[in-house]
Amino acid sequence: MNRGHFAVTLAACLAVLVFSVAGLAGDFNSKVSVGDPGAGFKNLAGVDGKSHSMDDYKSAKVLVLCFTCNHCPVAVAYEDRFVEFAKAYKSKGVQFVAINVNNLDADKLPAMKKRAEEKGFNFPYLYDPSQESARAYGATCTPHLFVLCPERKIAYMGAFDDSNNADKATKLFVKDAVDALLAGKKPPVTETRQRGCSIKYD
Amino acid sequence: MFRFRCSALPCVMSAALIAGLGCQPGGGQSSLPAGSDQASGDTPAGQVTVRIADRQVYEGVLAKHRGKPILVDFWSTWCVPCTEQFPHTVQLHAKYAASGLAVISVSLDEPSDEARVKTFLEKQGATFDNLLSKWGGDDPSFENFDIRTGTIPHYKLYDRDGKLVETFTVDPAADKQFTAADIERSVRKLLQLASWRGSSPQLGRALDLDQSKRARLF
């Protein structure tokens with residue numbers, strides 16, 4: 001990994017910290033604010049049959065966490081975009097990780113494995129039956145995105161882009177946030193309203 | 001409260017009068033003109049209509065029902081919990097309309113899916129005000145209808161003064177998510193409040209304080 005690039009991304013991370021308002025919570029998030037540390041997760045089962053923890057990805061410059069699921073039509077409408085994004089950004093040191101916390105049969109691990117195969121998921125798709133990871137981020141729906149910088153602070157949170165319909169999406173919030181971080185800058189937009197089906201908290 | 005049925009006899013006997021009120025001879029399923037209503041403010045019995053809406057239209061429908069507690073159900077055909085819970089909303093209307101509850105549904109389906117939305121509403125027997133957001137499932141719907149969490153199901157409860165007093169939505173911080181029973185409990189409280197106010201202004205004021213403390217605006 002290019003240490004120069006890493007340093008630049010780190011600087012952007014600190015910039016996010018400095019400029020973030022120390023409010024009680026985000027505009028659309030009652031639990032966390034931009035600039036807060038992103039909660040870690042441990043030992044979540046992946047569709048690859050292995051156990052995954054957030055530390056596994058510590059060498060990634062930027063970590064994009066995506067709370068999603070199988071059954072929600074909005075999440076499904078985004079699947080190809082997630083695959084494209086992961087493909088385009090892996091070599092730039094960006095790790096995309098999807099987490100499902102719904103405990104519906106349609107969303108549990110066997111169904112997740114099947115979906116990952118069908119859609120060619122090129123990123124970890126993890127199952128968190130405790131739902132703690134989603135609660136820790138104040139995640140309300142699927143999909144709900146959190147972009148974490150090298151220090152693992154939240155640099156952007158909310159929607160992936162501005163339309164459920166891929167053809168109509170013009171504001172690519174996650175991509176723009178990641179591009180900015182990689183260039184040593186603060187994301188132009190740090191928070192948008194997430195959009196999708198409610199997470200099925202038990 | 002008038003209830004017109006579009007059966008043959010009354011239509012034949014007073015065709016001109018009934019035509020003026022929008023009931024077609026033969027009892028067809030034609031949509032009423034947008035916003036048409038009767039003395040009660042509800043859609044005529046047996047009629048299921050849907051209307052494309054923005055925030056202004058929504059406010060207009062709320063204003064139409066001023067004087068009654070109003071339950072608003074935000075849903076869409078692509079939201080499974082929404083379609084599963086919709087019958088509860090229909091039941092609340094059936095059970096409490098006579099006691100003064102007004103019900104409004106707002107769909108976040110795409111406007112181009114209006115026919116499918118109407119079919120669902122007809123099957124549900126949703127004979128109350130049904131709106132369809134002109135912005136469909138995209139952010140402007142959540143923005144314009146104040147759905148901070150970006151997700152449905154979502155319910156709003158307004159008191160008879162048109163004040164938003166309670167919101168039911170997903171809450172990641174809660175030990176327990178809201179249920180249909182919680183909504184009914186709140187509806188019943190508002191309806192009792194309406195009739196209590198009539199008999200004792202002091203009691204009404206005390207209960208007002210209670211309401212504002214309990215308001216959970218998310």
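Small disclaimer: the values here were computed from a predicted structure and weren't measured.

Rules and cut-offs
Residues numbered from 1 in each chain as written. Chains lettered and ligands numbered in written order. Predicted model: local features only at pLDDT ≥ 70, side-chain atom pairs only at ≥ 80, totals over all residues. Contact = placed C-beta atoms within 7 Å. Helix = DSSP H or I, 4+ residues; strand = E, 2+ residues; numbered from the N terminus. Nonpolar A, V, L, I, M, F, W, Y, C, P; charged D, E, K, R; others polar. Pairing = 2+ DSSP bridges. Core = buried A, V, L, I, M, F, W, Y, C linked by C-beta atoms within 7 Å. Buried ≥ 20, exposed ≤ 12 C-beta atoms within 10 Å, placed from the backbone. Right-handed = clockwise from strand over helix to strand, strands pointing away. Axes fitted to C-alpha atoms, helices over the stretch in contact; angles between N-to-C directions. Arc of directions from axis to C-beta. pLDDT = per-residue confidence, 0-100.

So, the interface of chain B and chain A
Next, step 1: Each side of the interface is counted separately: chain B has 19 residues, and chain A has 23 residues.
Next, step 2: Only α4 (80-96), α6 (139-144) and β5 (151-152) of chain B provide two or more residues apiece to the side of chain B that touches chain A.
Next, step 3: In the side of chain B that touches chain A, the residues fall into eleven nonpolar, five polar and three charged.
Next, step 4: As defined by bridge partners, strand β9 (residues 196-198) of chain A adjoins β5 of chain B across two bridges and the pair is classed as parallel. Counted as the bridge partner of Gly-196 of chain A is Thr-151 of chain B from β5 of chain B.

What to know about the sheet that holds β5 of chain B
Next, step 1: In space, the three strands of this open sheet follow the order β6(A)-β9(A)-β5(B), with mixed pairing throughout. Two strands close off the open sheet at either side, each with one partner strand: β6 (141-142) of chain A together with β5 of chain B.
Next, step 2: As paired strands, β6 of chain A and β9 of chain A are joined by two bridges and run antiparallel to one another. Of the residues in β9 of chain A, the one forming a bridge with Cys-141 of chain A is Ser-198 of chain A.

Considering the nonpolar core
Taken as a class, soluble globular proteins show a tendency for nonpolar side chains to be buried jointly.
Next, step 1: By size, the foremost hydrophobic cluster in this structure holds 103 residues, and its most contacted members are Val-62, Val-64, Val-147, Ala-155, Val-178 and Leu-181 of chain A.
Next, step 2: The contact partners of Leu-181 of chain A, leaving out residues within four places of it in the chain, are Thr-9, Ala-12, Cys-13, Val-62, Cys-149, Ala-155 and Pro-187 of chain A.

Topic: the pairing of strand β3 (residues 62-67) of chain A
Residue and element names in this part refer to chain A.
Next, step 1: With six of six residues buried, β3 lies mostly within the body of the structure.
Next, step 2: In β3, alternate side chains face the same way, and those of Val-62, Val-64 and Cys-66 on one face and Leu-63, Leu-65 and Phe-67 on the other are all buried.
Next, step 3: Of the strand pairs in this sheet, β3 and strand β4 (residues 94-100) are connected by six bridges, and their pairing is parallel. In the sheet register, Val-64 faces β4, and the bridge partner there is Phe-96.
Next, step 4: In this fold, β3 hands off to helix α2 (residues 73-89), which returns the chain to β4; that crossover is right-handed.
Next, step 5: Pairing analysis gives five bridges linking β3 to strand β7 (residues 144-148), with the strands arranged antiparallel. Within β7, the position partnered with Phe-67 by the bridge is His-144.

Points about the sheet that holds strand β1 (residues 44-46) of chain A
Residue and element names in this part refer to chain A.
Next, step 1: Spatially, the seven strands line up as an open sheet ordered β2-β1-β5-β4-β3-β7-β8, and their pairing is mixed. Single-partner strands in this sheet number two, and they are β2 (51-52) and β8 (154-158).
Next, step 2: The strands that helix α3 (residues 109-119) touches are β1, β4 and β5 (125-127); relative to β5, the one it contacts most, it runs at about 175°.
Next, step 3: In the packing of helix α5 (residues 173-182) onto the sheet, the strands contacted are β3, β4, β7 and β8, and the crossing angle to β8 comes to about 175°.

Observations regarding helix α5 (residues 114-124) of chain B
Residue and element names in this part refer to chain B.
Next, step 1: Within the span of α5, buried status applies to Val-117, Phe-120 and Leu-121. Around the axis of α5, the buried residues are gathered within 95° of arc, so they sit on the same side. Of the exposed residues in α5, those oriented more than 90 degrees away from the buried face are Ala-115 and Lys-123.
Next, step 2: Structurally, α5 contributes buried residues whose contacts are with β3 (102-107) and β4 (129-133).

Section: the environment of Ile-154 of chain A
Residues and elements named next belong to chain A.
Next, step 1: Looking at where Ile-154 falls in the secondary structure, it is placed in strand β8.
Next, step 2: Ile-154 gets classed as buried once you count the C-beta atoms within 10 Å, which come to 26.
Next, step 3: Note: C-alpha distance between Ile-154 and Ser-33 (121 residues apart in sequence) is 7.5 Å.
Next, step 4: Among all residues touching Ile-154, those that are not within four sequence positions of it are Val-32, Val-34, Gly-35, Asp-36, Gly-38, Phe-146 and Leu-148.

Details of the confidence of the model for chain B
Where the model shows low pLDDT, its predicted coordinates should not be examined in detail.
All names here are of chain B.
Next, step 1: Here chain B averages 80 in pLDDT, while 67% of its residues score no lower than 70.
Next, step 2: Note on residues 196-201: pLDDT under 50 across the span, and four contacts to partners over four residues away in sequence or across chains.
Next, step 3: pLDDT under 50 marks residues 206-218. Its contacts with residues more than four places away, or in other chains, come to 16 contacts.

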